[in-house]
Amino acid sequence: MKTLVYVGVNKGLNLEYLVRLFEFNKAYGFEPDPQMFYDAVLCLENSAKNSNLFLYNDKIPAAKFIHRGTEVLLLNCACSQFDGSATLHITENRVATSLSKPGPDNLKLHKDSVDVIETREVFTINLSQFLKNEKINFIRSEEHTSELQSPDHLVCRLLLEK
């Protein structure tokens, strides 16, 4: 069984591409920015069968799709070391949006448009607990995201070695 985990799916284009290109049985996508989450839902709905919007654990907006034989679960939450909530700093260009305030590290990656235009509380999910029973084959995390914190990078490496 091949499983993809994608943290920071943005508008969903890369997630849709990976699911189309490779034969995964399951794919999990995480996007904390509500606007980007719904853009990703629309992107996947255009090429999927059996789309279903629901609340994961009765609180987190989620969408489930069957895309070319892959079961895709997209969650509107940030990956963290805990289940709960955190402040999301939404930037003008949306690409530098993060749980961390934009600072010198973000400025090196994004020369412009890192001004925070909005903050909002978002759900967080403990990635290691969420994936504890999964055999993970491929993990994609946008290099600019801080949502996947360093202890979870270790968890991801361990999950890949299972």
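Residues numbered from 1 in each chain as written. Predicted model: local features only at pLDDT ≥ 70, side-chain atom pairs only at ≥ 80, totals over all residues. Heavy atoms only, no water.

A. Region of interest: the nonpolar core. If you look at the biggest cluster of nonpolar residues, it comprises 16 residues, and the most contacted ones within it are Leu4, Leu15, Phe65, Val72 and Leu74. Counting only elements with at least two residues in this core, the list comes to strand 1 (3–7), helix 1 (13–21), helix 2 (34–45), strand 4 (60–67) and strand 5 (70–75). It is helix 2 that contributes the most residues to this core, four residues altogether. Apart from the residues lying within four places of it in its own chain, the contact partners of leucine 74 are Val9, Leu15, Gly29, Phe30, Phe37, Ala40, Val41, Leu44, Pro61, Ala62, Ala63 and Phe65. (Core = buried A, V, L, I, M, F, W, Y, C linked by side-chain atoms within 4.5 Å. Buried < 20%, exposed > 50% of the residue type's maximum accessible area, 1.4 Å probe, protein only. Helix = DSSP H or I, 4+ residues; strand = E, 2+ residues; numbered from the N terminus. Contact = heavy atoms within 4.5 Å.)

B. The arrangement of the sheet that holds strand 8 (residues 116–126) in detail. Strand order in the open sheet formed by three strands is 6-8-7, with mixed pairing between adjacent strands. One side of each edge strand has no neighbouring strand; the edge strands of this open sheet are strand 6 (78–80) and strand 7 (84–91). Neighbour-to-neighbour, the strand axes of the sheet open up by a mean angle of 45°, direction not taken into account. Two strands pair when backbone bridges link them, and strand 7 and strand 8 are joined in this way by eight bridges, in the antiparallel orientation. Residue pairing across strands places threonine 87 opposite glutamate 121, the latter belonging to strand 8. (Pairing = 2+ DSSP bridges. Axes fitted to C-alpha atoms, helices over the stretch in contact; angles between N-to-C directions.)

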